[in-house]
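# Overview (structure and organization)
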Amino acid sequence: EAKIREWLTTISIGNGAHRGWDDTQILDIAKFAEAHKLEQLKAEDIYRRYVEYQVEKASQEAETTPSQTHRKESRDAGGGGEASDSDDNDDDEDEKEGRKSW
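The notes below deal with the structure included here. (Residues numbered from 1 in each chain as written. Predicted model: local features only at pLDDT ≥ 70, side-chain atom pairs only at ≥ 80, totals over all residues. Heavy atoms only, no water.)

We now examine the overall build of the chain. Assigned secondary structure in the chain consists of five helices and two strands. Along the chain, helices and strands appear, N-terminal first, in the series α-β-β-α-α-α-α. The buried share among the 102 residues of the chain stands at 14%. When the accessible surface of the chain is split by element, carbon and sulfur atoms take 48% of a total near 8,300 Å². (Helix = DSSP H or I, 4+ residues; strand = E, 2+ residues; numbered from the N terminus. Buried < 20%, exposed > 50% of the residue type's maximum accessible area, 1.4 Å probe, protein only. Areas by Shrake-Rupley, 256 points an atom, 1.4 Å probe, with all protein chains shown as cover.)

In structure tokens form, the structure reads like this:
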């Protein structure tokens, strides 16, 4: 953990500023290093392996649940062709005022 913290202090985000790191993030990286027996590596290499692991994990999760992901994306994009009650009310107001809704 100390090795990771020390390395992170060397990474600026521009104009001499440093990125704030959440203790939980650092502990997760340290636990990953311990679990995968990577403590002997430089902090930079531990971090690189941690990121690669997280990307691989996310890819595997996406592959195992594509239909759930697709349904969520459809909902988020307003898919499904279902109109809400407020959409229907807007059409009614347009018709009352003589406007056509196409």
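Turning to the packing of aromatic side chains, a few remarks are in order. Each aromatic ring pair is described using two quantities: the centre-to-centre distance and the angle formed by the ring planes. Tallied over the entire structure, the rule returns three aromatic pairs. Taking 5.1 Å as the distance between ring centres and 40 degrees as the angle between the ring planes, the aromatic pair formed by Phe32 and Tyr53 counts as tilted. Here Tyr53 lies in helix H3 (residues 43-64) and Phe32 lies in helix H2 (residues 23-35), a separation of 21 residues in the sequence. A network of ring pairs unites the aromatic residues Phe32, Tyr50 and Tyr53 as a single cluster. (Phe/Tyr/Trp six-rings, centres within 6.5 Å; stacked < 30°, edge-to-face > 60°.)

Of all hydrophobic cores here, the largest spans 13 residues; its most connected members are Ile4, Leu8, Ile29, Leu38 and Ile46. Sorting the residues of this core by element identifies helix H1 (2-8), H2 and H3 as the ones contributing at least two each. Sorting elements by how many residues they give to this core places H2 first, with five residues. Not counting chain neighbours up to four residues away, the residues in contact with Leu38 comprise Phe32, Ala33, Ile46 and Arg49. (Core = buried A, V, L, I, M, F, W, Y, C linked by side-chain atoms within 4.5 Å. Contact = heavy atoms within 4.5 Å.)

Distances and angles like these do not, on their own, reveal function.
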